[in-house]
Amino acid sequence: MKCFRTKDLVSMESLTTADIVQIFELTARQKKERAKKGANKPVLEGKVLGMIFEKASLRTRISFEVGMLHLGGRAIYLDQTNFKLGERESVYDVAKNMERFMDILMLRTFSHQAIVDMARYSKIPIINGLSDDEHPCQALADLYTIIEKRGELKGQKLVFVGDGNNVATSLAYASALMGMHFVCASPEGYTLKNEVVEKAQRMAVLGATIEATTDVREAVKNADCLYTDVWASMGQEKEKEIRAAAFREYQLNESLLALAKPDCLVEHCLPAHRGEEITDGVIDGPNSVVFDEAENRMHVQKAVMTLLLGRG
Ligand code: CP
Ligand code: NVA
């Protein structure tokens, strides 16, 4: 059996192409097993997942909690009213407490460094459930959904339209590792950071290409998958109006979709702000796979937890 190499899932950067292939193989097996037999083998029986949320969540909380139930384990939810990492007590002290109670820990934080530090201090596996910098579980679900629909990732053109944010960053790294052509099209001032583009380009294998541009109409030409996300992420609420003005030409609408391949997939991590970054016609249209993507969060995370806990 192949050995899963990494202790934590903090960034897409901490994975290799082989790790992602292994995650996707187990995802497919566990998903098929549940569909066929109505249940999974309880490979995580007796295991406890802790979940720390400094920001709101629908999908991440539910998909981890239900995923753990499917595999015979339990999940415990701690929100920001009980918890402010580094405020009530230090990240180090939280880490040293949590490892005494939990087998695995998922965190959604503002600070990416807090998750990096938690992984460094903890003996137990740490999963990034979204930070200001990255959303690796989301990128895994997004790429897995493309494989389900298209059968492969290598050579697929994935165009992210909107803010060069946490989701775009994880998608850039994941695309680099899986031989895809990734383009992030954003208005001036909101493009994917140069350091992210350069790092993703250094990570690129299997002919992958990574690009950031402001020319959205050129970017979406020939796309196999168009992706968008909110213009103001959690923590940026005060910038909502100024961002709405800056992003107006970057709405994923019918006229933009018409420039991509006719069977182009439409992805969105959700929550969506309908009428802002995406129109009802596009998110509810025949190209949209957004709810398959949401469900696949659970399937890929089940595989990630199984592998991180050495039960794959
Ligand atoms: N896509 C995603 O992470 O959704 P939530 O913010 O609802 O968890
Ligand atoms: N970029 C968004 C993603 C939400 C899942 C945010 O950080 O709020």
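As shown above, the structure is provided for reference.
An account of the accompanying structure is given in this report. Numbering of residues begins from 1 in every chain and follows the order in which that chain's sequence is written. Each chain takes a letter, starting from A, and each ligand takes a number, starting from 1, following the order in which they are written. Where local features are concerned, this predicted model is filtered to residues with pLDDT of at least 70; where side-chain atom pairs are given and counted, the filter is 80 or more; whole-chain, interface and lining totals use all residues. Only hydrogens and water are set aside when side-chain values are computed; all heavy atoms of the structure are taken into account.

## Here's the deal with the packing of helix 3 (residues 91-101) against helix 4 (residues 112-121)
Counted only if it meets this: Only the contacting stretch of a helix is used when fitting its axis, a line to C-alpha atoms as for every element, and angles between N-to-C directions run 0 to 180 degrees. The helix and strand labels rest on DSSP assignments: H or I over at least four residues marks a helix, E over at least two residues marks a strand, and numbering proceeds from the N terminus. Reported orientations rely on four angle classes, namely roughly parallel under 35 degrees, roughly antiparallel over 145, roughly perpendicular from 65 to 115, and oblique for the rest. The hand of a helix crossing depends on one turn: near helix anticlockwise from the far one by less than a right angle means left-handed, and clockwise means right-handed. We call two residues in contact when some of their heavy atoms are within 4.5 Å. Any residue outside Ala, Val, Leu, Ile, Met, Phe, Trp, Tyr, Cys, Pro, Asp, Glu, Lys and Arg is labelled polar, Gly included; the first ten of those are nonpolar and the last four are charged.
It is at 9 Å that the axes of helix 3 and helix 4 come closest, and there the two elements cross at 50 degrees. Here helix 3 is positioned oblique relative to helix 4, judged by the angle of their axes. Our pair here, helix 3 against helix 4, has a crossing hand that is right-handed. In this structure, helix 3 uses Val91, Tyr92, Val94, Ala95, Lys96 and Glu99 to contact helix 4, whose residues at the interface are Ala114, Asp117, Met118 and Tyr121. Classifying every residue of the contact of helix 3 with helix 4 by side-chain character gives 7 nonpolar, no polar and 3 charged.

## Looking at the pairing of strand 6 (residues 181-185)
We apply this condition: Three exposure classes are used, based on accessible area relative to the maximum for each residue type with a 1.4 Å probe and protein chains only: buried under 20%, partly exposed in between, and exposed over 50%. Handedness of a crossover: with both strands directed away from the viewer, a clockwise path from the first strand across the helix to the second marks it as right-handed. By definition, two strands form a pair when at least two bridges between them are found by DSSP.
By the criterion of burial, strand 6 is predominantly enclosed, with 4 of the 5 residues buried. Handedness of the crossover is the feature at issue here: the chain leaves strand 5 (residues 157-161), passes through helix 6 (residues 166-177), returns alongside strand 6, and the resulting connection is right-handed. Two strands pair when backbone bridges link them, and strand 6 and strand 7 (residues 209-213) are joined in this way by 5 bridges, in the parallel orientation. The partner of Val183 across the bridge, within strand 7, is Glu211. Note that the unit made of strand 6, helix 7 (residues 194-203) and strand 7 has a crossover that is right-handed.

## Some points on the sheet that holds strand 1 (residues 48-53)
As summarised here, the arrangement of the 4 strands in space is 2-1-3-4, forming an open sheet in which the pairing is parallel. Strand pairing shows two members of the sheet lacking a second neighbour, strand 2 (74-79) and strand 4 (126-128), which therefore form its edges. Taken pair by pair, the neighbouring strands of this sheet meet at an average axis angle of 20 degrees, ignoring direction. Here strand 3 (residues 104-108) pairs with strand 4 via 3 bridges, running parallel. Among the inter-strand pairings, Met106 is bridged to a residue of strand 4, identified as Ile127. Strands in contact with helix 2 (residues 59-70) are strand 1, strand 2, strand 3 and strand 4; relative to strand 1, the strand with the most contacts, it is inclined by about 175 degrees. Contacts from helix 4 reach strand 3 and strand 4, with the element oriented near 165 degrees to strand 4.

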